[in-house]
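# Chains, contacts and geometry: an overview
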Amino acid sequence: MKKDAALDALLLPWQQRLVSFAQGNTLFLRAREGAALQALRALEPLCVQPFKPWADALGRAGFEVLPEAPQAQDFAQVLVLPPRQREESRALLAAAFDACMAGGWVLVSVANDEGAKAIEGDFKKLAGGFDGQLGKYHCRVFWARRDDARLDAGLLQQWRMADAPREILQGQFASRPGVFAWNRVDAGSALLVAHLPQGMTGRAADLGAGWGFLADAMLQKNPGLHALDVFEADARALALAERNLRRYQQDIRLGFHWHDVTAGLPAAARYDWIISNPPFHDTGKAAQPGIGQAFIRAAADMLAAHGAFWLVANAHLPYEALLMERFASLRVVAATQGYKVIECRQVRR
Ligand SMILES: C[S@@+](CC[C@H](N)C(=O)[O-])C[C@H]1O[C@@H](n2cnc3c(N)ncnc32)[C@H](O)[C@@H]1O
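A quick note: this is a predicted structure, and the numbers were derived from the prediction, not measured.

Criteria and cut-off values
- Each chain has its residues counted from 1, following the order in which its sequence is written.
- Local features in this predicted model are restricted to residues whose pLDDT is 70 or higher, and side-chain atom pairs enter the listing and the counts only when it is 80 or higher, whereas totals over whole chains, interfaces and linings include all residues.
- Elements are defined by DSSP. Helices are runs of H or I of four residues or more, strands are runs of E of two residues or more, and each kind is numbered from the N terminus.
- The atom set for the radius of gyration is the C-alpha atoms, and the globule formula is 2.2 Å times the number of residues raised to the power 0.38.
- Residues with at least 20 other C-beta atoms within 10 Å of their own are called buried, those with 12 or fewer are called exposed, and the rest are partly exposed. The C-beta atoms themselves are positioned from the backbone.
- By the convention adopted here, residues make contact when the C-beta atoms placed from their backbones lie within 7 Å.
- Nonpolar cores are identified as sets of buried Ala, Val, Leu, Ile, Met, Phe, Trp, Tyr and Cys residues joined via C-beta atoms within 7 Å.
- Nearness between a residue and a molecule or strand is assessed with a C-beta atom placed from the backbone; a distance within 6 Å qualifies.
- Nonpolar residues are Ala, Val, Leu, Ile, Met, Phe, Trp, Tyr, Cys and Pro. Charged residues are Asp, Glu, Lys and Arg, and all others, Gly as well, are polar.
- Should DSSP find at least two bridges between two strands, the strands are regarded as paired.
- Each axis is a line fitted through C-alpha atoms, and for a helix only the stretch in contact is used; angles between axes span 0 to 180 degrees, taken between their N-to-C directions.
- Domain start and stop positions are those given by an automatic or database domain assignment.
- An angle below 35 degrees is treated as roughly parallel, one above 145 as roughly antiparallel, one from 65 to 115 as roughly perpendicular, and anything else as oblique.
- By the definition used in this description, the sense in which the near helix is turned from the far one sets the handedness, with an anticlockwise turn below a right angle giving left-handed and a clockwise turn giving right-handed.

Per the secondary structure count, the protein chain includes 11 helices and 16 strands. Relative to the compact-globule value of 20 Å for 349 residues, the protein chain shows a C-alpha radius of gyration of 22 Å, a close match. On the principal axes, the C-alpha backbone points of the protein chain span a range of 65 × 40 × 35 Å. By the burial criterion, 46% of the 349 residues in the protein chain qualify as buried.

In structure tokens:
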């Protein structure tokens with residue numbers, strides 16, 4: 001099990017009896033599985049985690065997990081591991097106080113190098129102060145009871161909407177803070193689109209589709225496609241992709257899958273075309289080529305014999321050996337601006 005300092009630190013105030021939790025009614029926003037979570041099991045926390053691999057890990061460990069927070073406002077304690085993106089974390093703090101009953105606890109933990117100072121400042125403003133704070137394992141942990149006399153109701157109202165979906169790129173798409181490249185086109189994806197062929201027909205898939213930029217470009221260029229499956233692990237991004245691609249649903253069968261591509265694709269009919277700009281990070285900052293390699297395996301496993309897999313990746317990522325193992329024909333279509341676009345054909349089983 002991977003070390004998770006923010007999770008370990010989060011439970012310290014409770015373990016050190018600085019706060020006392022009531023039985024039941026525990027909400028854990030952006031919950032992550034880890035050794036420290038075992039201590040919380042007796043409280044049967046309701047976990048919320050939009051990222052499918054982490055949601056799956058929580059489910060496998062026996063925790064109840066949802067991709068988004070429920071509407072209920074009667075939780076006696078709300079635990080939060082906020083993301084780094086500022087608007088998203090502000091909205092999450094607002095959601096935590098909304099979900100917490102009057103007098104209940106909101107506890108937050110953030111790694112120092114994940115924006116702890118800024119988020120701690122935001123929490124203090126919103127809650128109207130702290131009931132406690134500590135620093136441990138290179139993280140900040142802070143907590144407060146929900147006290148409506150000191151809670152900043154105006155800020156609460158404002159931050160509820162801090163990460164709300166909105167129009168981007170001159171109204172062409174909807175997006176929201178926190179999803180990958182939320183208000184711009186990723187340079188790698190732009191390069192792939194510039195080289196994507198026209199005249200595609202049959203079934204296609206986009207692996208790690210984000211808010212739908214690549215998939216949209218593929219459908220615009222290729223009206224002959226009759227089905228597209230969109231696979232994305234981030235439930236927030238997937239909902240945006242669904243919204244952004246809605247305009248094609250008259251003409252093509254669209255499938256939206258909240259799915260961990262590294263676990264392989266569901267075994268259905270094979271795809272004639274697969275496109276991907278695979279991720280290469282999960283929690284840390286270090287590149288993890290294993291994630292992109294798992295995407296390549298998933299694509300190769302589900303590509304039709306005559307099909308083509310179009311991939312864009314940062315030039316330094318070591319994908320070639322695996323690509324040569326899984327495809328008899330590789331063509332570097334572009335190698336520029338630190339990216340490579342590769343067309344892979346003649347899949348080997
Ligand atoms: C480099 S981004 C590309 C996004 C989009 N295709 C674009 O061009 O803007 C990779 C995407 O993969 C998603 N992702 C990360 N891990 C994943 C996994 N295990 N399974 C499926 N999608 C994943 C991320 O949430 C992100 O949206």
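Residues other than glycine seldom take positive phi values, yet glutamine 337 does so here, at roughly 50°. Mapped onto the elements of the fold, glutamine 337 is located in the loop between β15 (327–336) and β16 (339–347). Given 11 C-beta atoms within 10 Å, glutamine 337 falls into the exposed group. Phi is positive for glutamine 346, which is not a glycine, with a value near 50°. You can see glutamine 346 is positioned in strand β16.

Next up on the list: the environment of alanine 328. One can find alanine 328 in strand β15. For alanine 328, a count of 10 C-beta atoms within 10 Å translates into the label exposed. Through-space distance from the C-alpha of alanine 328 to that of histidine 281 is 28 Å; in sequence the pair is 47 residues apart. Sequence-distant contacts of alanine 328, that is, excluding residues within four places in its chain, are made with Gln346 and Arg348.

Let us look at the nonpolar core. Residues Leu192, Ala204, Ala215, Ala241, Ile274 and Ala299 are the most contacted members of the largest nonpolar core, which totals 54 residues. Every residue in contact with alanine 299, bar those within four places of it in the chain, is listed here: Leu207, Ile274, Ser276 and Phe309. If you look at the next biggest cluster of nonpolar residues, it comprises 53 residues, including Phe51, Leu81, Cys100 and Trp143.

Neighbouring residues of the ligand: 20 residues in total, closest Ser189, Gly208, Gly210, Ala233 and Val261. Contributions of two or more residues to the shell around the ligand are made by α8 (213–221) and β11 (225–232). Each residue belonging to the shell around the ligand can be placed in one class, and the counts come to 11 nonpolar, 5 polar and 4 charged.

With 5 bridges connecting them, strand β6 (residues 132–136) and strand β7 (residues 139–145) associate as antiparallel partners. Residue pairing for β7: glycine 132 is matched across the bridge by tryptophan 143.

This brings us to the sheet that holds β6. The 7 strands are arranged β3-β2-β1-β4-β5-β7-β6 in an open sheet whose pairing can be described as mixed. Edge positions in the sheet fall to β3 (64–66) and β6, since each of these pairs with one other strand and no more. Mean inter-strand twist for the sheet, computed between neighbouring axes without regard to direction, equals 15°.

What follows deals with the sheet that holds strand β12 (residues 253–258). What the 7 strands build is an open sheet, ordered β12-β11-β10-β13-β14-β16-β15; its pairing is mixed. Strand pairing shows two members of the sheet lacking a second neighbour, β12 and β15, which therefore form its edges. Neighbour-to-neighbour, the strand axes of this sheet turn through a mean angle of 15°, independent of strand direction. As paired elements, strand β10 (residues 202–207) and strand β13 (residues 271–276) share 4 bridges and run parallel to each other. Directly across from alanine 204, in β13, lies its bridge partner tryptophan 273. Relative to β12, helix α9 (residues 235–245) is tilted by about 170°, and along the sheet it contacts β11 and β12.

Once that is clear, we can look at the domain arrangement of the protein chain. Domain boundaries in the protein chain define domain 1 (5–160) and domain 2 (166–347). Between domain 1 and domain 2, the C-alpha centre-to-centre distance is 33 Å. Contacts between the two partners involve 11 residues from domain 1 and, on the opposite side, 10 residues from domain 2. Among the secondary structure elements, those contributing two or more residues to the side of domain 1 that touches domain 2 are α3 (52–60) and α4 (86–99).

Once that is clear, we can look at the packing of helix α7 (residues 187–195) against α8. Look at α7 against α8: their axes get within 10 Å of each other, and the N-to-C directions meet at 15°. In terms of their interaxial angle, α7 and α8 are classed as roughly parallel. Considering the relative orientation of α7 and α8, their crossing is right-handed. Within the contact between the two elements, α7 uses Ser189, Leu192 and Val193 and α8 uses Phe213, Leu214 and Ala217.

Turning our eyes to something else, we now look at α9. Counting buried residues along α9, 8 of its 11 residues qualify, which places the element largely inside the surrounding structure. Along α9, the residues classified as buried are Arg236, Ala237, Leu238, Ala239, Leu240, Ala241, Asn244 and Leu245.

Here aspartate 122 is to be found in helix α5 (residues 116–127). Residue classification places aspartate 122 among the buried positions, given that 21 C-beta atoms sit within 10 Å. Taking C-alpha positions, aspartate 122 is 54 Å from alanine 328, a pair spaced 206 residues apart along the chain. Every residue in contact with aspartate 122, bar those within four places of it in the chain, is listed here: Arg90 and Leu93.

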